[in-house]
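# Descriptive structure summary
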Amino acid sequence: FWVIPAVEVKIEVVIPEKERSKEEMSPNGKASPLIYKVNGTARHYHLEEHSIASNPYHNPKDVVEASVCHVKDLENGQMREVDLGCGKALLIKESGEFHAVGHKCPHYGAPLVKGVLSKGRVRCPWHGACFNIGTGDIEDFPGLDSLPRFQVKIEKEKVYIRASKQALQTQRRTKMMAKCISLSNYNLSSTNVLIIGAGAAGLVCAETLRQEGFSDRIVMCTMDRHLPYDRPKLSKSMDSHPEQIALRPKEFFCTYDIEVLTEMQVAAVDVKSKIAVFKDGFKMEYNKLLIATGNTPKTLSCKGKEMENVFNIRTPEDANRVVKLATSKNVVIVGASFLGMEVAAYLAERAHSVSLVELEHVPFKRFFGERVGRAVMKMFESNRVKFYMQTEVSELREQEGKLKEVVLKSGKVLRADVCVVGVGAVPATGFLKQSGINIDSKGFIMVNKMMQTNIPGVFAAGDAVTFPLALRNNKKVNVPHWQMAHMHGRIAALNMLAHGTEISTVPYLWTAMFGKSIRYVGHGEGFDDVVIQGDLDELKFVAFYTKSDEVVAVASMNYDPIVSKVAEVLAAGRTIRKRDVDAVVFLTFRTGDMSWLTGKGT
């Protein structure tokens, strides 16, 4: 279906009072409306912001003001969670100034007081999202919303916070966005921006365009039947329904004039004519194009792979169906990938048995190394997951059309009512082979630091691309992380608007199993050593992945917020050497001293 606003929009300029002094003045000093030019035509646009905590407060009854501490209670670089009676705020002191913002990360609700404060921003301790302490704006991902910002005043050496009650309750703020000009004037087969793919990269691209004042038509298309949703939850929270994991409600897309075509597959792209051809023959012209199609799960190549009850988990329906069929039944999972391991963890308490088949001798060996992999494997085994390592599936056997057994090349036969396949994925770029867009030998779209392809006006983002990673001396890499897809979408949008912004974010990911999380920052591909601090048996550790003498990635379990602290070090352009690992743990975890973040270099 199409999600399309059906009414003509009247265009007015609405700017918060505090911004008018900056925005209303033209270069000659006279008042000037905010205008965006599209195809040479000047068009006004309307900006909206769900800024519950903005000043002035329109409803005095919604406002609370409270004294929260003495000015000397906080030192520079300190944060404190303070209670205003009807909700909490995060009070921050940096460079002698106080700031107050929402105290929970809008992504999954992490307490930001346990995060990392550095150089004007606070980083979430769980998944690495970053927020500007002065504005509350989100600066790194994952997540879509910013923090509400509250007023702070000092009177008689006491710190007061003035805040909206509603903002204290919601703990999130949607950034200011433009609305589209009258949609009734548009031809359905033509759009200014076409986004192929409705994952994190596609949605953030669309939202960023609106946040930057873009007021022309935006169309997103997806093969999925749903509006954009939180895809990592498909393996972490498998019984979630689509509406529970939606990234934005349907009303959001209508409000901000972002059109979404669901169950629509692009079959080819003509970059010369700027036309996307859909599988059903429909054609759409575009001015700017973002390709964010993600990847396609690999399937098994053995006999019986097409039978009922064999799943690649790609949609909420797939995940829901697996949970239903697996309850009190025998489950076989093929592949100790992130997806395979998360599914095994989720089903362990629900299924009669869970068996996991993997070609390597320990899970996660290539990503986390053998020692961490063995510790994780031990945790799974203590939760009734049985591993069959260094073997593959040779055949899937059926009875009355349904899966009955999984036969391994080792000769072992496993009882199976459900089989989940998690053996990796390939980029979903087959439709681009004749397009002229540069694709490497593995099928990844090659882009530069601005997410641009070799074709002017064509951008690509997310799991389907390789891009220069600043952290690894601009080596072209593929980073299929949820956080990175968000940033790709933002960078692509900014450069569609000719901002010239280059990507410099540090990769950050997490996995959750049996109520425990492993957090990971950096890019450890090709690491040659792992330095472990902590206790692997107790599952409380931090692992430093090194290449030669340089730390290229860090993973931890039950050691928060060290991964977020290392993320700030790497984001500052600093290098951590192997010889410094002991000092890193002591300074950042045991003492909380962040002074070594200042400056660049080693």
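If you're wondering where the values come from, they're calculated on a predicted model, not measured in any experiment.

Here the focus is the pairing of strand β39 (residues 529-535). Here seven bridges tie β39 to strand β40 (residues 540-547), and the two strands are oriented antiparallel to one another. Note that in β40 the partner of V531 across the bridge is F544. Hairpin geometry of β39 and β40 is characterised by an intervening segment of four residues between the two adjacent antiparallel strands and by a positive phi of about 55° at L539.

Mapped onto the elements of the fold, S235 is located in helix α4 (residues 233-236). Judged by its relative accessible area of 7%, S235 is buried. In this structure the side chain of S235 is engaged in a polar contact, spanning 2.6 Å, whose partner is the side chain of E342. Not counting the four nearest positions on each side in its chain, S235 is found in contact with L339, E342, V343 and Y346.

Bringing the pattern of salt bridges into the picture now. By the definition in use, this model includes 24 salt bridges. One salt bridge in this structure joins D137 and R173, with 2.7 Å as the shortest N-O distance. Residue D137 is found in the loop between β11 (130-132) and β12 (138-140), and its partner R173 is found in the loop between α2 (165-170) and β15 (174-178); the two are separated by 36 residues along the sequence. Salt-bridge contacts for R366 lead to E360; the nearest nitrogen and oxygen are separated by 3.2 Å.

Relative to strand β29 (residues 402-408), strand β28 (residues 393-399) is paired through six bridges, and the arrangement is antiparallel. When the sheet's bridge partners are listed, Q399 is paired in β29 with K402. Where β28 folds back onto β29 in an antiparallel hairpin, the turn is made up of two residues, including E400, whose phi is positive at roughly 55°.

The pairing of strands in a sheet happens through backbone hydrogen bonds and is either parallel or antiparallel. If you trace the three strands from one edge of the open sheet to the other, you get β19-β20-β21, paired in antiparallel fashion. Strand pairing shows two members of the sheet lacking a second neighbour, β19 (266-270) and β21 (283-285), which therefore form its edges. Strand-to-strand, the axes of this sheet are offset by a mean angle of 20°, without reference to chain direction. As paired elements, strand β20 (residues 275-278) and β21 share three bridges and run antiparallel to each other. Bridge assignment links V277 to a residue of β21, and that residue is K283.

This brings us to the packing of aromatic side chains. Throughout the structure, instances matching the rule amount to 15 aromatic pairs. Ring plane angle 45° and centroid distance 5.6 Å describe the contact between F278 and F282, whose orientation is recorded as tilted. Under the relative-accessibility criterion, F278 is labelled buried at 2%. Taking the relative accessible area as the measure of exposure, F282 reaches 23% and is therefore partly exposed. Linked through ring pairs, F338, F364, F367, F368, Y520, F527 and Y545 together constitute an aromatic cluster. Here the guanidinium or amino end of R248 rests over the ring plane of F252, the centre of that ring lying 4.5 Å away.

Locating C86 in the fold gives a position in the loop between β6 (78-83) and β7 (88-94). Along the backbone, C86 and K165 are 79 residues apart, and their C-alpha atoms lie at a distance of 6.6 Å. Among residues more than four places away in sequence, those in contact with C86 are V64, K165, L168 and Q169.

This part covers the sheet that holds β28. Taking strand neighbours across the sheet as the criterion, the three strands line up as β28-β29-β30 in an open arrangement whose pairing is antiparallel. Two strands in the sheet have a free side with no partner beyond their single neighbour: β28 and β30 (413-415). On average, each strand axis in the sheet is tilted by 30° relative to the strand beside it, whichever way the strands run. Here β29 runs beside β30; their pairing, made up of three bridges, is antiparallel. By the bridge assignment for β30, V407 is matched with V413.

Another point: unusual backbone geometry. A cis geometry characterises the amide bond from F141 onward to P142, with omega recorded as 20°. By the element assignment, P142 lies in the loop between β12 and β13 (149-155). In this model, D560 is joined to P561 through a cis peptide bond whose omega is 0°. Positioned with a positive phi, K274 is a non-glycine residue whose angle comes to about 55°. Looking at the element boundaries, K274 is found in the loop between β19 and β20. Among the residues examined, K274 registers a relative accessible area of 28% and is labelled partly exposed. Within the chain, N473 stands out as a residue other than glycine whose phi angle is a positive 55°. By the element assignment, N473 lies in the loop between β35 (465-469) and β36 (475-477).

A word on helix α6 (residues 316-326). Burial within α6 is extensive, with eight of its eleven residues counted as buried. One or two positions beyond α6, positive phi appears at S328, with a value near 65°.

Next up on the list: the packing of helix α3 (residues 200-211) against helix α10 (residues 482-496). At a closest axis distance of 7 Å, the pairing of α3 and α10 adopts a crossing angle of 40°. Put simply, α3 runs oblique to α10. Of the two possible hands of crossing, α3 and α10 adopt the one that is right-handed. Here A200, A201, V204, C205, T208, L209 and Q211 of α3 lie close against α10, whose contacting residues are W482, A485, H486, G489, R490, A493, L494 and M496. Grouping the amino acids of the contact of α3 with α10 by side-chain chemistry returns ten nonpolar, four polar and one charged.

Taking 1.5 Å as the rise per residue, helix α9 (residues 370-381) with twelve residues should run 16 Å; its terminal C-alpha atoms sit 16 Å apart, in good agreement. Among all positions of α9, only V372, G373, A375, V376, M377, M379 and F380 are buried.

Of all hydrophobic cores here, the largest spans 81 residues; its most connected members are L194, L209, V269, L290, I291 and F467. When residues of this core are assigned to their parent elements, the largest contribution, eight residues, is made by α10. Of the residues that make up this core, three or more belong to each of domain 1 (61-170) and domain 2 (176-298 + 426-505). Ignoring any residue separated from it by four or fewer positions in sequence, one finds I291 in contact with I196, F431, L432, I437, I445, V458, F459, A460 and A461. In this structure, I245, V322, L347 and V385 belong to the second largest nonpolar core, which totals 53 residues.

Bringing the confidence of the model for the protein into the picture now. On average, the protein scores 89 in pLDDT, and the residues at 70 or more come to 87%. Predicted confidence for residues 597-602 stays below pLDDT 50, and this span has 21 contacts to residues more than four positions away or in other chains.

Reading the values: rules and limits
Residues numbered from 1 in each chain as written. Predicted model: local features only at pLDDT ≥ 70, side-chain atom pairs only at ≥ 80, totals over all residues. Heavy atoms only, no water. Pairing = 2+ DSSP bridges. Helix = DSSP H or I, 4+ residues; strand = E, 2+ residues; numbered from the N terminus. Buried < 20%, exposed > 50% of the residue type's maximum accessible area, 1.4 Å probe, protein only. Polar contact = N/O pair within 3.5 Å; in protein donor to acceptor, adjacent residues only side chain to side chain. Contact = heavy atoms within 4.5 Å. Salt bridge = Lys/Arg side-chain N within 4 Å of Asp/Glu carboxyl O. Axes fitted to C-alpha atoms, helices over the stretch in contact; angles between N-to-C directions. Phe/Tyr/Trp six-rings, centres within 6.5 Å; stacked < 30°, edge-to-face > 60°. Lys NZ or Arg CZ within 6 Å of the ring centre and 35° of its normal. Parallel < 35°, antiparallel > 145°, perpendicular 65-115°, else oblique. Left-handed = near helix turned anticlockwise from the far one by under 90°. Nonpolar A, V, L, I, M, F, W, Y, C, P; charged D, E, K, R; others polar. Expected span 1.5 Å × (residues − 1). Core = buried A, V, L, I, M, F, W, Y, C linked by side-chain atoms within 4.5 Å. Domains from an automatic or database assignment. pLDDT = per-residue confidence, 0-100.

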